[in-house]
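# Per-entry structural report
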Amino acid sequence: MKRFGGICISVGLLLVPLFAREKPIEVRISPDPSPPTVFPLRLSLPIGFLEGATNPFQSERVTAEPPNPSPEIQVESHTDRTASRFANRHPERFGSVIWLTHPLRAGTDYTVRFRGEALEGPRTVILSAAPLEERDERARHSGKAAFKPGSLQDKTFPFRAERDGPYQLTVQIPPGGRFRIARPSCKPQADGDQPWDRAMVDAFRRLAPEEVRWPVAEGLGFYNWYDGVGPEEFRHVANPMGAPRDGHPFGTAAFVAFCRQLGVPPRIRVIAFTDKTRRKDVPTLDAALALAADWVAYCNATNDHPMARLRMEHGHPEPLGVSRWEVARADGRPPEPALFDRYRAVMMREDPTLDLRPAIPTLLPESDRYTAELFRRFQDAPLEEAAYFRPWYQALGVVHALLNAPARSSEDARLYLPFQPTGLLFRTAPQKHFLTELGQLVTLMNQYPMGEPLRCKLAGRVMDADAPLLVRAAWIRKPVEMQVLICNTLPERQSLTLNLEKVDGHFLVWVAEQMAGLIAQPRTTETLPVNQLTRAGAAMMQVFTVTVEPASCTRLLIKR
């Protein structure tokens, strides 16, 4: 592992002349047919991912934690679920009640909404929003608001966050004042009344998944869909590791609506019954089969079907229209054929048009020998080395395994990738683009076309299925536009000559993108820095040389 240290090398994607010092590795690209190398990205949503305080997609930024009153404030008993009573018994000083937000994003416009009612004494309070750790009064936004007696009223004010991080929302109550105040709200102005954070949704869209499947139990066993429909106050918590107050707001209808907003087809996963998934409410296989059939009917039935009437009672008069379904064991693997046939019979009886299939195996990085060796190497490395290098190399290893998948399976176009939003999206708001390094790599990969693949031969070096240096190419619009993807998992810089002489016509390099872990930089940070670079250029030639950095993924867009 010590070879990763050393002098500082700047990361860049270079189109260099053919007289470069080191003899480059020649890659000959020809129009001969080649097996497909990239297949559509499919994502999985775990149970509970979009629920509770850690939900990264929620537009609401105020936490569910109780408020923090100052010593002057007396908190009276709750009169209802929507608000609490606060009284300032001090004869001279203002008292404050503070709520905290999840991290806000610097430069983003927010709207804070307070709801209150005057009960006794002065009616005017001071409302403010300020960074939690910032003592500079210039970063505080405040204003006065008067509440009337009789009912809760809304008071709003806009502000722009100057800092990344959590903020505190404060109501300052005057001496002798007594108010009923609800938990405030803080949302990005761009989101309007939508429940989802638009910036997070946009980041998810950039991943461009072909479909999203849910629920993935992640070892939690059986999922009863009845736990996630109807009034939220009567639902059961689906994730036993979640807090009871989080409830189960993200059930069947919310999942379908979320996918529609993303423009991605939903696929619902039914967990097959086994002795290990037996529950009190689902004690037998026949009960599980009936539950699966009812789920299909709840989503798709019309007219006077009992499940259609139940769905209407829950506020969804029109069918949800879920056509894609799959049956999986609790560990995610496909069920036995005989068991799947029983599920198929009852589910197709409710809707003969279903696209119903057994669960498709997930592509694991360990299926790639290079990646498996990489994981083993980090397992044996000192903890400091592993913690520093492992996250980026594991991300690159997944990409490497993805590129190699078609050589390993006849089911190549149907494999699921081992990606979940928990690994692709940051769970804290201020992060740039809201995509992890792996998420940015997947986005880069997903721009690679599913067009006609071209054959790539590595001259002077064997490029087999486990070569740590991989080159893939395909047409986008034949014969005028192609893409070349280069995955360099080596800890050394590589120089490649791309030879397009066998491809008819003259081309120019238009756009080149590269993501690289700066593994050769001195350690100035606790985590490995990762750089993303985009370069545009032109080269009216059939042969040109590309230098790719250590531990990098490069995408070239080549146009006639």
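Residues numbered from 1 in each chain as written. Predicted model: local features only at pLDDT ≥ 70, side-chain atom pairs only at ≥ 80, totals over all residues. Heavy atoms only, no water.

## Let's talk about the pattern of salt bridges
The line we're drawing: Basic side-chain nitrogens of Lys or Arg form a salt bridge, by our definition, when they fall within 4 Å of a carboxyl oxygen of Asp or Glu. The helix and strand labels rest on DSSP assignments: H or I over at least four residues marks a helix, E over at least two residues marks a strand, and numbering proceeds from the N terminus. Exposure classes here rest on a 1.4 Å probe applied to the protein chains alone. A residue is buried below 20% of its type maximum, exposed above 50%, and partly exposed in between.
Tallying each qualifying case throughout the model produces 31 salt bridges. Arg105 is paired through a salt bridge with Asp197; the nearest N and O atoms lie 2.9 Å apart. Placement of Arg105 in the loop between strand E7 (95-100) and strand E8 (109-120) and of Asp197 in the loop between strand E14 (185-188) and helix H1 (198-207) is noted, with a sequence separation of 92 residues between them. Like Arg105, the residue Asp197 is buried in the burial classification. A single salt-bridge network, built from bridges that share partners, covers Glu211, Arg213, Arg267, Arg269, Arg324, Glu326, Asp355 and Arg357.

## Topic: the confidence of the model for the chain
Note the cut-off: Known as pLDDT, the predictor's confidence for each residue is given on a scale from 0 to 100. Residue contacts follow a heavy-atom distance rule, with two residues in contact if any of their heavy atoms lie within 4.5 Å.
When pLDDT is averaged along the chain, the result is 83, and 85% of the positions lie at 70 or above. Low confidence marks residues 1-21, where pLDDT is under 50. Its contacts with residues over four positions away, or in another chain, come to 63 contacts.

## Quick notes on the packing of helix H7 (residues 383-404) against helix H9 (residues 437-446)
For the record, the criterion: Every angle, taken between N-to-C directions, lies between 0 and 180 degrees, and every axis is a line fitted to C-alpha atoms, over only the stretch in contact when it is a helix. Angular relationships are summarised with four words: roughly parallel below 35 degrees, roughly antiparallel beyond 145, roughly perpendicular across 65 to 115, and oblique for the angles in between. When the near helix sits turned anticlockwise from the far one by under a right angle, the crossing is termed left-handed; a clockwise turn instead gives a right-handed crossing. For this classification, the nonpolar set comprises Ala, Val, Leu, Ile, Met, Phe, Trp, Tyr, Cys and Pro, the charged set comprises Asp, Glu, Lys and Arg, and every other residue, Gly included, is treated as polar.
Between H7 and H9, whose axes approach to 9 Å, the crossing angle comes to 25 degrees. The angle between H7 and H9 falls in the class roughly parallel. Where H7 crosses over H9, the handedness of that crossing is right-handed. Residue-level contacts link Trp392, Ala395, Leu396, Val399, Leu402 and Leu403 of H7 to Glu437, Leu438, Leu441 and Met445 of H9. Tallied by class, residues from the contact of H7 with H9 come to 9 nonpolar, no polar and 1 charged.

## Regarding the packing of aromatic side chains
Applied cut-off: Note on aromatic pairs: the rings of Phe, Tyr and Trp (six-membered ring only in Trp) are paired at centre separations within 6.5 Å, and the planes decide the class, stacked below 30 degrees, edge-to-face beyond 60, tilted for the rest. To sit over a ring, a charge needs its Lys NZ or Arg CZ within 6 Å of the ring centre and within 35 degrees of the ring normal.
Across all of its chains, the model carries 26 aromatic pairs by this definition. Here the aromatic rings of Phe49 and Phe57 are separated by 6.0 Å at their centres, their planes lie at 75 degrees, and the arrangement is edge-to-face. Assigned by exposure class, Phe49 and Phe57 land together as buried. Lying over the aromatic face of Phe378, Arg377 brings its terminal NZ or CZ to 5.8 Å of the ring centre. Over the ring of Tyr388 we find Arg523; its NZ or CZ atom is 4.4 Å from the centre of that ring.

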